[in-house]
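The lines below spell out each chain.
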Amino acid sequence: MNINWYPGHMAKAKREIKEDLKLVDIVIELLDARCPLASQNPDIKEIIAGKKRIIVLNKADLAEDAITKEWIEYFKRQGICALSTDSNSGFGVDKVSATVEANMQAELEKNAGKGRVGRTIRACIIGIPNVGKSSFINRMAKKTAVEVANRPGVTKKNKWIRVNNKIELLDTPGVLWPKLESRETALYLSFTGTIKEEILDKIEIAYELIRYFLQTGREEVLISRYGITKEQIQQIRQMDAEENEKYYAIFLEIGKKRGAIISGGAIDEEKVARMLLEEFKNGKLGKISLERPHK
Ligand SMILES: Nc1nc2c(ncn2[C@@H]2O[C@H](COP(=O)(O)OP(=O)(O)O)[C@@H](O)[C@H]2O)c(=O)[nH]1
Ligand SMILES: [Mg+2]
């Protein structure tokens, strides 16, 4: 799904999420563990407006564990509870349920004091497209999940999924628009596949990914995956050429190594770009965190 976000779409999304928030006790905000800031909706504070929330750094299987830990500390310093998950394997998802319960314990006890024993905790998932909301809901709901019938008084067709005897989850996540303000953010969201050629074309994104690897001292990634040698990279770096021409030369070299050649011997740039981006997205280049918190 590829949505172009216009002000009208944003206003509608915000309105719908604010309606959902009225129904829940706590919000689970999904971010991409590889780029938690870039993958966060720009208006999240205003949208949440004081509602209890926990942050889930999803796709942690694709991020560097030590950096994900730093991010969890980063959010903790801001007073926000954060956890990491892999919604493909389900790793970490049970801990999210436990944390939701722990966060709501005081409320539950208060309610129990008022004679409202047994009231379940209601939660919903929100996040930008492609961050893993549907996968996460499926994991949290497990096989044991049964749909709870629509509640009287709720005009929307909300369905609740019972996670366990304490938690119910709204079955449809809130979809928020991504940040589109800086080129850096747009690049990270392009690398992760959230933005699909809306702003940059595939070849440009792949080229920028190579630039990113080289500028952040991660050329090992290219060396181990594509058989380019350190010496080759060194040679290209010493060429009497513009920086961008050097990154482009490495891009072409990767194409050559992979045999992405069209008739006449030229490199099939489309093919190289598609391969690089697919492989990054699927974790074939290893666990790579794009952002790390400022110390
Ligand atoms: N590696 C990995 N992939 C994930 C994870 N969660 C979701 N995905 C993949 O990311 C893509 C988008 O997931 P989806 O649940 O549809 O995201 P949504 O748009 O937020 O609902 C799919 O290809 C999922 O298989 C995760 O934790 N790790
Ligand atoms: Mg979805």
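The rules behind each value
- Residues numbered from 1 in each chain as written.
- Chains lettered and ligands numbered in written order.
- Predicted model: local features only at pLDDT ≥ 70, side-chain atom pairs only at ≥ 80, totals over all residues.
- Heavy atoms only, no water.
- 1 Å grid on protein atoms, 1.4 Å probe; cavity = no way out; pocket = protein on both sides within 12 Å on 5 of 7 lines; lining within 4 Å.
- Points joined across faces, edges and corners; volume = space filled by probe spheres on them.
- Nonpolar A, V, L, I, M, F, W, Y, C, P; charged D, E, K, R; others polar.
- Domains from an automatic or database assignment.
- Near = heavy atom within 4 Å.
- Polar contact = N/O pair within 3.5 Å; in protein donor to acceptor, adjacent residues only side chain to side chain.
- Helix = DSSP H or I, 4+ residues; strand = E, 2+ residues; numbered from the N terminus.
- Salt bridge = Lys/Arg side-chain N within 4 Å of Asp/Glu carboxyl O.
- Buried < 20%, exposed > 50% of the residue type's maximum accessible area, 1.4 Å probe, protein only.

What to know about empty space enclosed by the protein
Right, on to step 1. A full pass over the atoms with the stated rule returns one cavity of 30 Å³ or more.
Right, on to step 2. For the largest cavity, the calculated volume is near 30 Å³.
Right, on to step 3. What lines the largest cavity is simply Asp-32, Cys-35, Ser-39, Ile-128, Pro-129, Asn-130, Val-131, Leu-189, Thr-192 and Thr-194.
Right, on to step 4. Counted by class, the lining of the largest cavity contains five nonpolar, four polar and one charged residues.

Some remarks on the domain arrangement of the chain
Right, on to step 1. Entries for the chain in the domain assignment read domain 1 (7–175) and domain 2 (201–281).
Right, on to step 2. Relative to domain 2, the C-alpha centre of domain 1 lies at a distance of 39 Å.

Quick word on the site of ligand 1
Right, on to step 1. Taken together, 14 residues sit near ligand 1, with Asp-61, Ser-87, Asn-130, Lys-133 and Ser-135 positioned nearest.
Right, on to step 2. Ser-87 has a polar backbone atom sitting 2.7 Å from an oxygen atom of ligand 1.
Right, on to step 3. At 3.3 Å, a backbone N or O of Val-131 approaches an oxygen atom of ligand 1.
Right, on to step 4. If you tally residues by element for the shell around ligand 1, the top one is helix α5 (residues 133–141), at three residues.

A look at the pattern of salt bridges
Right, on to step 1. One pass over the full model with this rule turns up 22 salt bridges.
Right, on to step 2. Its salt-bridge partner being Glu-46, residue Lys-18 comes within 3.0 Å of it at the nearest N-O pair. Within this pair, whereas Lys-18 is found in helix α1 (residues 7–23), its partner Glu-46 is found in helix α2 (residues 44–48), the two being separated by 28 residues in sequence.
Right, on to step 3. Lys-142 serves as the salt-bridge partner of Asp-94, at 3.0 Å between the closest nitrogen and oxygen. Here Asp-94 is found in helix α4 (residues 93–113), whereas its partner Lys-142 is found in the loop between α5 and β5 (147–148), with 48 residues between them in sequence.
Right, on to step 4. For Asp-94, a relative accessible area of 49% translates into the label partly exposed.

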